[in-house]
Amino acid sequence: MAMHMQTRSVAAARPSRVSRVAVRASAQPSRVLSGFLAGAAALTMAVAPVLATATPVDLFDDRAVRGKGFDIIYEAREATLPQAQRDGMSQGRKDLEITKTRVALSQDRIDTDLLPLIKKNYWNEATQQLRRQLGNLRFDLSTLADAKPKADKKAAVELTKTFIKKVEALDFAIRSKDEASATKQLTAAQEALDAVLAVVL
């Protein structure tokens, strides 16, 4: 009887393991919440000086710029658009000023870039530059010719054919690495281009 009472008193004196676990579990969310609040306060203090010196967002009206072809580069990357639009062909047909500007740029590069490349015998660079310009000019000259009256259009088409033949001869001379012939054919191609532009511009 005495032993039974002693066991009961020891059990009563020993704290329950379940209660200790419950106390610890209830204390854990409090520490997490305190840490979160401290972090939020520190972040607010760090950001406050930046916000105090921040300037308003500047807004620009780019509708006029976009209307002149600013988005063409994005259209070139859009696979769902027609190929003519991705290549800039459709835009050129809609606005002849774009076409004329591109023609003038190609003419300038033919007049200024090719001869130094030929003189230095940079044959690959000369070939690539010539073909880049011809790729645009074939389309642009045709576009400008289509906008002309019937008589001028016929003359422009014939002059364009002559120009293309001169460019092909120039391309052959460059590929043959013949400096003298390439220089001569370049002059002939420049004169043929001038003749076309005199009609279509």
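Computed from a prediction, not measured in an experiment: that's the story for all the values here.

Even after reading the chapter, I still don't get the overall build of the chain, so can you show me in this structure?
Across its full length, the chain carries 11 helices and zero strands. Among the 201 residues that make up the chain, the fraction classed as buried is 23%. Within the chain, contacts between residues at least 6 apart in sequence are counted, and of these 68% link residues at least 24 apart. Approximately 14,400 Å² of the chain is accessible, and the part contributed by carbon and sulfur atoms is 60%.

Quick question: what am I supposed to make of a negative patch on the surface here?
Where like charges cluster on the molecular surface, the negative patch consists of Asp108, Asp111, Glu191 and Asp194. Those elements giving two or more residues to the negative patch turn out to be helix H7 (96-112) and helix H11 (179-200). Relative to the assigned elements, Glu191 resides in helix H11.

In this structure, what is going on with the nonpolar core? I would like to understand it.
Soluble globular proteins tend to pack their nonpolar side chains together in the buried interior. Judged by nonpolar contacts, the single largest core of 28 residues is most densely connected at Leu141, Phe163, Leu170, Ile174 and Val200. Elements represented by at least two residues in this core include exactly H7, helix H8 (114-119), helix H9 (123-146), helix H10 (150-175) and H11. Those residues within four positions of Leu141 in sequence are excluded, and the remaining contacts are Thr160, Phe163, Leu193, Val196, Leu197 and Val200.

I would appreciate a short explanation of the side chain of Thr127 in the present structure.
Within the secondary structure layout, Thr127 lies in helix H9. By relative accessible area, Thr127 is classed as buried at 8%. Once residues lying within four places of it in the same chain are set aside, the contact partners of Thr127 are Asp171, Ile174 and Arg175.

Could you clarify how one ought to interpret the packing of H7 against H11 in this entry?
What describes two packed helices is the angle between their axes and the distance between those same axes. Running from N to C, H7 and H11 cross one another at 160°; their axes reach a closest spacing of 11 Å. Our classification of the angle between H7 and H11 gives roughly antiparallel. Between H7 and H11 lies a crossing whose hand is left-handed. Contacts between H7 and H11 involve Val103, Gln107, Ile110 and Asp111 from the first element and Leu186, Gln190, Leu193, Asp194 and Leu197 from the second.

Before we go on, may I ask you to explain the pattern of salt bridges in this structure?
Side chains that differ in charge, positive against negative, can pair when their charged atoms come close. Applying the stated rule across the entire model yields six salt bridges. Among the salt bridges present, the one from Glu97 reaches Lys100, with a minimum N-O distance of 4.0 Å. Of this pair, Glu97 and Lys100 both sit in helix H7, three residues apart, which is roughly one turn of that helix. Arg102 is the partner of Asp140 in a salt bridge, and the nearest nitrogen-oxygen pair spans 2.8 Å. Of the two residues, Asp140 sits in helix H9 while Arg102 sits in helix H7, which places them 38 residues apart along the sequence. Residue Asp140 shares its accessibility class with Arg102, and that shared class is buried.

So what exactly am I meant to see when it comes to the environment of Gln128 here?
Positionally, Gln128 belongs in helix H9. Note: C-alpha distance between Gln128 and Leu114 (14 residues apart in sequence) is 10.0 Å.

So what exactly am I meant to see when it comes to the packing of H7 against H9 here?
For the pair H7 and H9, interaxial distance at closest approach is 9 Å and the crossing angle is 145°. The handedness of the crossing between H7 and H9 comes out as left-handed. Along the contact surface, H7 presents Leu96, Thr99, Lys100, Arg102, Val103, Ser106, Arg109 and Ile110, while H9 presents Gln129, Gln133, Asn136, Leu137, Phe139, Asp140, Thr143 and Leu144. Tallied by class, residues from the contact of H7 with H9 come to six nonpolar, six polar and four charged.

What counts and how
- Residues numbered from 1 in each chain as written.
- Predicted model: local features only at pLDDT ≥ 70, side-chain atom pairs only at ≥ 80, totals over all residues.
- Heavy atoms only, no water.
- Helix = DSSP H or I, 4+ residues; strand = E, 2+ residues; numbered from the N terminus.
- Buried < 20%, exposed > 50% of the residue type's maximum accessible area, 1.4 Å probe, protein only.
- Contact = heavy atoms within 4.5 Å.
- Areas by Shrake-Rupley, 256 points an atom, 1.4 Å probe, with all protein chains shown as cover.
- Patch = residues over 30% accessible without salt bridge, like charges linked within 9 Å, V, L, I, M, F, W, Y side chains within 5 Å.
- Salt bridge = Lys/Arg side-chain N within 4 Å of Asp/Glu carboxyl O.
- Lys, Arg positive; Asp, Glu negative; His and termini not counted.
- Charge placed at Lys NZ, Arg CZ, Asp CG, Glu CD.
- Core = buried A, V, L, I, M, F, W, Y, C linked by side-chain atoms within 4.5 Å.
- Axes fitted to C-alpha atoms, helices over the stretch in contact; angles between N-to-C directions.
- Parallel < 35°, antiparallel > 145°, perpendicular 65-115°, else oblique.
- Left-handed = near helix turned anticlockwise from the far one by under 90°.
- Nonpolar A, V, L, I, M, F, W, Y, C, P; charged D, E, K, R; others polar.

These values are about where atoms sit, not about what they do.
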